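Examining the three-dimensional arrangement
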Amino acid sequence: MGIQGSGKGTQATLLADDLDLEHISVGDIFRWNVQHHTKLGAQVTRIMSSGHLVDDDLVETVVRDRLAAHDWNFGFVVDGFPRNARQAEFFLESYDIDGVINLHLPDEEVMRRVLARRLCSQCGLDYNLIAHRPQQEGVCDMCAGALVMRADDNPEALAVRLSDYHEQTRPLIEIFQRKEYVATIDATEPVVEVQDAIRRRFGLPMRSVEAAGTG
Ligand SMILES: [Zn+2]
């Protein structure tokens, strides 16, 4: 669990790639549908541009379908689910969960990170004015297209998402704290340090030298 900008997807990918886990990202599934102009994609675009989160039933359907594939031998890391108390109960009853990783990032830092994001209007490449700056301001390194902000990356829409997130997450953390191991990790640290902290907390093998080198 973690708000956007907390590095949730990056951390899940590092865990999954190195430990042979299946990474199930609700965001990636939705993005695929938006890019391929599916009916689901159009629905998601409409909701996001109003600054709100995709509704719980839609998320639940997508995740249930994905988990039903049963393609994980060593387990999975799910990111972006569950989103409400009912889904959390269903999830805990249906699967053997080892733990919940809660990436903590203060709201001011979320604002700073998210508002620094840019996207090439031509080729879709992602930039970040903090971590991944273009060589020339406002211009894509790859195709010279103009860099723009996503429609939903504005302070007003972000404030709505932050308050939605906190409102939804608080009861979930309480449920997980009663039943499962919740590890709250400081997500302001660099990516590799956050990854190491997660592994230490869950007693997972530490990153191999090769993996550490690419981080
Ligand atoms: Zn470009």
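In this text, all values refer to a predicted model and were calculated from it rather than measured experimentally.

1. A short note on the coordination of the zinc ion
Those donors, Cys-120 (SG), Cys-123 (SG), Cys-140 (SG) and Cys-143 (SG), are the protein atoms that reach the zinc ion, and they lie 2.3 Å from it. Note that the zinc ion binds four donor atoms; their angles at the metal cover 98 to 116°, and the shape is tetrahedral. Take Cys-140: its relative accessible area is 4%, and that puts it in the buried class. Given a relative accessible area of 26%, Cys-143 falls into the partly exposed group.

2. Topic: the sheet that holds strand S5 (residues 126-128)
Strand order across the open sheet formed by three strands is S5-S4-S6, with antiparallel pairing between neighbours. Taken across any chain shown, the strands that pair with only one partner, and hence form the sheet edges, are S5 and strand S6 (147-148). Looking at chain direction, strand S4 (residues 117-120) and S5 are connected through three bridges and run antiparallel. Its bridge partner lying in S5, Arg-117 is registered against Asn-128.

3. A look at the pattern of salt bridges
On inspection of all chains with the given rule, the structure shows 16 salt bridges. Ionic pairing is found between Glu-109 and Arg-113, a salt bridge with its closest N-O pair at 2.9 Å. Of this pair, Glu-109 and Arg-113 both sit in helix H6 (residues 107-115), four residues apart, roughly one helical turn. Its relative accessible area of 17% is what places Glu-109 among the buried residues.

4. A few points about the packing of aromatic side chains
According to the stated counting rule, one finds seven aromatic pairs in the structure shown. Ring geometry for Phe-76 versus Phe-91: centroids 6.3 Å apart, planes at 55°, classification tilted. Here Phe-91 lies in helix H5 (residues 85-94) and Phe-76 lies in strand S2 (residues 76-79), a separation of 15 residues in the sequence. Ring geometry for Phe-91 against Tyr-95: centres 5.6 Å apart, planes inclined by 50°, an arrangement best described as tilted. Across the pair, exposure class does not vary: Phe-91 and Tyr-95 are buried alike. Site record: aromatic cluster; members linked through ring pairs are Trp-72, Phe-76, Phe-81, Phe-91 and Tyr-95. One residue, Arg-64, lies across the ring of Phe-90, its end atom 4.0 Å from the ring centre.

Conventions adopted
- Within every chain, residues take consecutive numbers counted from 1 along the sequence as written.
- For a predicted model such as this one, the threshold for reporting local features is a pLDDT of at least 70, and the threshold for listing and counting side-chain atom pairs is 80 or more; totals across whole chains, interfaces and linings nevertheless cover every residue.
- The side-chain quantities take in all heavy atoms of the structure and omit both hydrogens and water.
- We call an atom a donor if it is N, O or S and sits within 2.8 Å of the metal, or 3.2 Å for Na, K and Ca. Water is not counted, so some sites may look partial.
- Angular criteria define each label, namely tetrahedral for four donors with all angles between 85 and 135 degrees, square planar for four and octahedral for six donors with opposite donors over 155 degrees apart and remaining angles between 65 and 115, and irregular for whatever fails these tests.
- We call a residue buried when its accessible area falls under 20% of the maximum for its residue type, exposed when it is over 50%, and partly exposed in between, using a 1.4 Å probe and counting protein chains only.
- Strand pairing is assigned whenever DSSP detects at least two bridges linking the two strands.
- Put simply, DSSP marks the helices as runs of H or I at least four residues long and the strands as runs of E at least two long, and each gets a number from the N terminus on.
- The salt bridge definition used is simple: a Lys or Arg side-chain nitrogen within 4 Å of an Asp or Glu carboxyl oxygen.
- Any two of the Phe, Tyr and Trp rings considered here, Trp counted by its six-membered ring, make a pair once their centres fall within 6.5 Å; the pair's planes then place it as stacked at under 30 degrees, edge-to-face at over 60, or tilted in between.
- A ring is scored as having a charge over it whenever the NZ atom of a lysine or the CZ atom of an arginine sits within 6 Å of its centre and within 35 degrees of its normal.

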